[in-house]
Amino acid sequence: MLKLSKAIRRIVVPIAAAGALVSATAVQAADTIKVGVLHSLSGTMAISETTLKDTMLMLIDEQNKKGGLLGKKLEAVVVDPASNWPLFAEKARDLIQNKKVDVVFGCWTSVSRKSVLPVFEELNSMLFYPVQYEGEESSRNVFYTGAAPNQQAIPAVEYLMGEDGGSAKRWVLLGTDYVYPRTTNKILRAFLKAKGVKESDIMEKYTPFGHSDWQTIVADVKKFASAGKKTAVVSTINGDANVPFYKELGNQGIKAEDIPVVAFSVGEEELSGIDTKPLVGHLAAWNYFMSVESPENKDFIAKWQKFIKSKKRVTNDPMEAHYIGFKMWTQAVKQAGTTNVDAVRQAMYGQKVKSLTGTVAEMHPNHHLSKPVLIGEIQDNGQFETVWKTKGPVVGDAWSNYIPESAKLTANWKFPWVCGNCQKPKHF
Amino acid sequence: MSMTQSNGPFSFLYADKGGQIFLAILFGAAVLVPILNLVLPASSVFHMPTWVVSLLGKYLCFALLALSVDLIWGFCGILSLGHGAFFALGGYAMGMYLMRQIGDRGVYGNATLPDFMVFLNWKELPWYWHGFDNFAFAMVMVLLVPGLLGFVFGWLTFRSRVTGVYLSIISQAMTYALLLAFFRNDMGFGGNNGLTDFKDILGFDIQANGTRVSLFLASIVALASCYLICRYIVSSKLGRVLIGIRDAENRVRFLGYRVEHYKLFVFTLSSLMAGVAGALYVPQVGIINPSEFSPANSIEIVIWVAIGGRGSLYGAALGAILVNYGKTYFTGALPEAWLFVLGGLFVAVTLFLPKGIVGTVPSFKAMTRSRNSRSETAKTATGETDG
Amino acid sequence: MFEKLSGLLAAFACICVLSTSPVVAQDSKAVDLVQDLGSRSYSKIIKAVNGLAATGVNGVEGVLNAYLSRNLFVRKSDKRVVFAKKTDSQYRLFAPLTRQSLGTAKRSDLTKLRLNNRLRRTLRAALGGLTLRSSDPAQRIKAANVVFKAPKASQVSILKKVLAAEKDENVRPVIERSLAAAVLAHGATSKARAEAVIVLGTYSDPDVSARLKSLLIKDSAGRFAEKEPLVREAAQKALDEIAERVAIWDFIGKLFQGVSLGSVLLLAAIGLAITFGVMGVINMAHGEMVMIGAYTTFVIQEIIRTSAPAFFDVSVIIAIPMAFLVAGAFGVAIERGIIRYLYGRPLETLLATWGLSLILQQMVRTIFGPTNREVGNPSWMTGAIELDGGALLTYNRIWIIVFSVVVLVLLALVLKKTAFGLQMRAVTQNRRMASAMGIRTGWVDAMTFGLGSGVAGVAGVALSQIDNVSPNLGQAYIVDSFMVVVFGGVGNLLGTLFGALTLGVANKFLEAWSGAVLAKIFILVAVILFIQKRPSGIFALKGRAVDS
């Protein structure tokens, strides 16, 4: 029995100590406003997400130079979820419950967002998600500052169908096999059918993550394109696999004038790893390009390159999304006079920010932004040149009209709806 | 807890001092954690927040997984670099149950189809999803699926006498193939997004404190009972044969033992345990996704075992808990440099603590003793090789 | 008459552009059209481009070329379209047609003319029409190809004349093909057009099939795009013949893809065949050695880009020995620092090298940043050889195949024919005996590990040409590398070669049939099953040494 009591003592002490540690960190100073940054700094996604962490640090730094917010300094709390999805949920919880952050900016992949979603909803916290995604979601606790499919995919396809885009009649839908490409392609398929494109004129292909041998697929695309109709490729290939894909395109001599490839996940950052001379004319659809001429953008690029201490670093669309998201959040906090999540959320609706493209982005009650859609062609210097843009900003759809089950749903978090996926108002 | 004194069925624990301590710690945690979480008011200094309970629960699942690897690696010399696969399969079986429990509370309000099927336009539930709305059936599957895969894989490889690194590499190939397969959306397991947004388990809200604590307790019970099973096996005659196989497989075979039967048994058992660990893990972290199948994860499990101390069972559990706590801590405290720390730790442990943490304590004692008496015993104790 | 004139003018166009002498006859219509290039509407610009090409005025070719190379701008002050040339700090402006100087301007005073794929296509077509009679055969081929894509009725007679005058054997078939396409599109009689189809049927490239197939497309009302049954029959017949002809080339193309993938696998695995296969170290940091090789290539290209851009084409050649040395040095350091304490405990090398791989990845991430780095293909590695039927053998992949064979042969020679190779084999087979014979086993170990790592580094140079150069590069290949070594048989270079080629070719043939993801799964399952049949790979080492 003596042994047992000894053993118990061995357990009690460390656990109590751990508990004490936890509560001690929790009570810490409340004279700063804490902003959580939840982006992978290691693992497969570090390649894209590290830049966003730096963007957030820059924005917070800048805000502090302007005197902070509500008379307090902002404090960035950076953690590394290491491209590990369960770890994302754990870190989100850590940020909200333990580090007591007031808002979180983070995530890149859909699965990471899905992983943290229940945490944010349970703890009623706020996440700004800056990446283009498949839609089909509207959470009360997430603001989606990236593009929904109707802000990227559909306008791009419309452009390629039009005379200016080359009147494409035959379509290759190429993607990495995960939910974003699958959903986008599903929406596109429905859209193309509605436009009278035949089933036999659509080819859909999927590859694993990090696919590096594109010989067969590029050759297949060529073969598919030799059926006598103008062919275009819609690529939802995920970040890492793009470099070998474009290298293969260049080497197999697929010219944009013959078979244009429009991509939704390729931005300036991805292109910085490739020699773009053979790729001139291939396209991408985004809500922002680094090449856009506006005073805001010029200023932002200068600040970014100064902050990161490199003249070579580029800016991209998700960075702009964080820029807009952060500006909106600060405005909403000022308006609400508090960082309380419920108050800030109410203040977010209708909040307007001048985006880097010079247009006004507005937050809608479905938690999506209205932004202009730009189509750019790749230039030989690794930049995009805008060849087409929508007349005005397009409102992001949480639910696609091209998926029958989703078309019925409405996302509207204002009275009387107060709902992310309802068919009738809820009258809370 | 008077098992140490009885002559009953737990006699195999007599000589296992570390195991006694280990079980005592588990028991203590099982008593204390619920009190700290549920009884103490949130304002108390000693109150343990629910997320810490879940975090501990997650560590315990990893500990159980490490235990299952130690059983085959530490005692039978089978280095599986694919054990994450069994863990993930158990997790998926549980995840499927939890998905079916959501019912019409999904975003599309479809009572039978999970959300990801609705928006991929699936019209009906695939056949392999049937039955998972029943908890008992799902629990059978938690055991059956990983167990069956372990059995088939083991039956194939041990029968044809694939050993050593060959076995390690093909087990890695197995988990990699499963990773790619589960990754496909056409497989009907949610693709890369996996299964998430669970609502409740057996009718209890999965986010509620009580459920969380219960899951934690279930993890402790699972870990403790699996520990007892493993300890029982390795102290039995069967265990001695296993150790014989580990040290000199051919000799054991020449003595007339059917080596492959022994290996198959212990490998299947180990995959069952890994499956249970996965099933307990999923409701506590709230997501299961194909990345659990990734070869890197499986390698990491082996590393936990090595750090804790191979061949001691509780050492494996300790290693899993320590490394994962380190991960939790350093990814928050040193987000930019934690890989240096973790990588450095792995290198340092292999170089300086070749027997892991728990293996080093006794050999350290032996070393000081030998230094005092200038005897040769220490050299023979540390000079043994394994492989 | 007019066509003749424009052809003649085009022939002199380049000379006129080069000499900035004022052009005497200035067509005011052309000037207006040039001004139209500054329009916001693509359709208007296209009209202007076609109009310009039709005027045949001197300098038009120069204007169109300047447009393509993005040297045309609109001056914001007076909305005038100008040709601008960048000097040190500002732009010097010229009138596009005459190249008369118009002073200077800052970049912010100018707006670049809009350009997209549709326009680019139009520009090239217009230029093609103008350069069919160029003195440079390569230009003529280019021009004929452009005409092939969108032949105009007016070009039939030009093409006929050009073809009659063409002496160059390489150019003739291209022009003949374009002529056939032009006749098919604009021929007067169905007989002439059917004959054109038969001519086209002698070519096998995908563009021709595409053109022929387009004749057979039915619209929504079920009418064929081609109204003449005679032409349709000829097209169908030609297509059947083409299909028959290209089947074999298709197969060769696929085989090439397989061999190419195999050579990549071989390169990735070959270093591992030494560190793992020969030395028995389960080297999880192998992928990171490959990554270090790739980053070495990046650093060397950066240095060359900034200090001696003329040598860019040899940057990859320079990178090969450098990558070998850098990765080799890392290898020796790792062996001396860590691995040597772990001999006889192979499974623990797994843990230590795994830790190392984490450290090396994070190190590269800290030094070079987490994003992809650009490693360019030298000019001799870009482009492709086109087989009949459109299958392509890309140069970078051809070189990688050659390179992998060279590396393999060199390595085999080192192992079999040098004193070091002998010592190495001696040490791995019987360490004590070797030591007793006076071999410095420690030194041999370090050198062997260095050699394996160095070869991995060299593989990194090759992989940098086709894949990402990022901190994750190594991780992507590690599972495949181990598979190849184990499948081929541990400790056997020939086995590694066979393993890599088999997996590569099988993967590519499966991929064509089942898609990329399933192909990979099938291959993995096949290897698992194969190992059951031959538990030690294709080429198993015989004797007791294996069963230690």
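Residues numbered from 1 in each chain as written. Chains lettered and ligands numbered in written order. Predicted model: local features only at pLDDT ≥ 70, side-chain atom pairs only at ≥ 80, totals over all residues. Heavy atoms only, no water.

Draft legend 1. A look at helix H2 (residues 50-76) of chain B. Residue and element names in this part refer to chain B. The end-to-end C-alpha distance of H2 is 38 Å, a good match for the 39 Å that 27 residues give at a rise of 1.5 Å each. Its axis deflected by about 30° at Asp70, H2 carries its strongest bend there. Of all 27 residues in H2, 26 are buried; the element is thus mostly enclosed. Taken from the residues just after H2, Gly77 is the one with a positive phi, measuring 75°. (Helix = DSSP H or I, 4+ residues; strand = E, 2+ residues; numbered from the N terminus. Expected span 1.5 Å × (residues − 1). Bend = angle between axes of the 7 residues up to and from the residue. Buried < 20%, exposed > 50% of the residue type's maximum accessible area, 1.4 Å probe, protein only.)

Draft legend 2. Seen up close, the sheet that holds strand S2 (residues 73-79) of chain A. Residue and element names in this part refer to chain A. One open sheet accounts for five strands, arranged S2-S1-S3-S4-S5; its pairing is parallel. The two strands at the open ends of the sheet, each matched to only one other strand, are S2 and strand S5 (142-144). In this sheet, neighbouring strand axes are inclined to one another by 25° on average, regardless of whether the strands run parallel or antiparallel. Sitting on the sheet, helix H3 (residues 85-98) is in contact with strand S1 (32-38), S2 and strand S3 (103-106), with an inclination near 180° to S1. Docked against the sheet, helix H11 (residues 317-336) engages S1, S2, S3 and strand S4 (127-129), running at close to 170° with respect to S3. (Pairing = 2+ DSSP bridges. Axes fitted to C-alpha atoms, helices over the stretch in contact; angles between N-to-C directions. Contact = heavy atoms within 4.5 Å.)

Draft legend 3. Expanded view of the interface of chain C and chain A. In this assembly, 58 residues from chain C lie in contact with 57 residues from chain A. Buried surface at the junction of chain C and chain A, both sides included, amounts to about 4500 Å², of which 42% is carbon and sulfur. Linking chain C with chain A are eleven salt bridges. A breakdown of the residues in the side of chain C that touches chain A according to their chemical character gives 18 nonpolar, 21 polar and 19 charged. (Buried area = accessible area lost by both parts, 1.4 Å probe. Salt bridge = Lys/Arg side-chain N within 4 Å of Asp/Glu carboxyl O. Nonpolar A, V, L, I, M, F, W, Y, C, P; charged D, E, K, R; others polar.)

Draft legend 4. Quick look at the interface of chain C and chain B. At the interface, 44 residues of chain C touch 42 residues of chain B. Of all residues in chain C, Leu347(C), Leu351(C) and Gln532(C) bury the most surface against chain B, accounting for 17% of the area lost on that side. The interface formed by chain C and chain B holds zero salt bridges in total. Contributing elements (two or more residues each) for the side of chain C that touches chain B: helix H14 (346-368), helix H19 (473-488) and helix H21 (516-533) of chain C. Ranked by residue count, the leading element in the side of chain C that touches chain B is H14(C), at 15 residues. Residue composition of the side of chain C that touches chain B, grouped by class: 29 nonpolar, nine polar and six charged.

Draft legend 5. Highlighting the state of the cysteines. With the rule as written, the count across this model stands at one disulfide over all chains. Here Cys419(A) is linked by a disulfide to Cys422(A), with a sulfur-sulfur distance of 1.8 Å. Its S-S torsion of approximately 80° makes the covalent link between Cys419(A) and Cys422(A) right-handed. Judged by relative accessible area, which is 3%, Cys419(A) ranks as buried. With no disulfide of its own, Cys226(B) has Cys230(B) as its nearest cysteine by sulfur position, at a separation of 6.3 Å. (Disulfide = S-S within 2.5 Å.)

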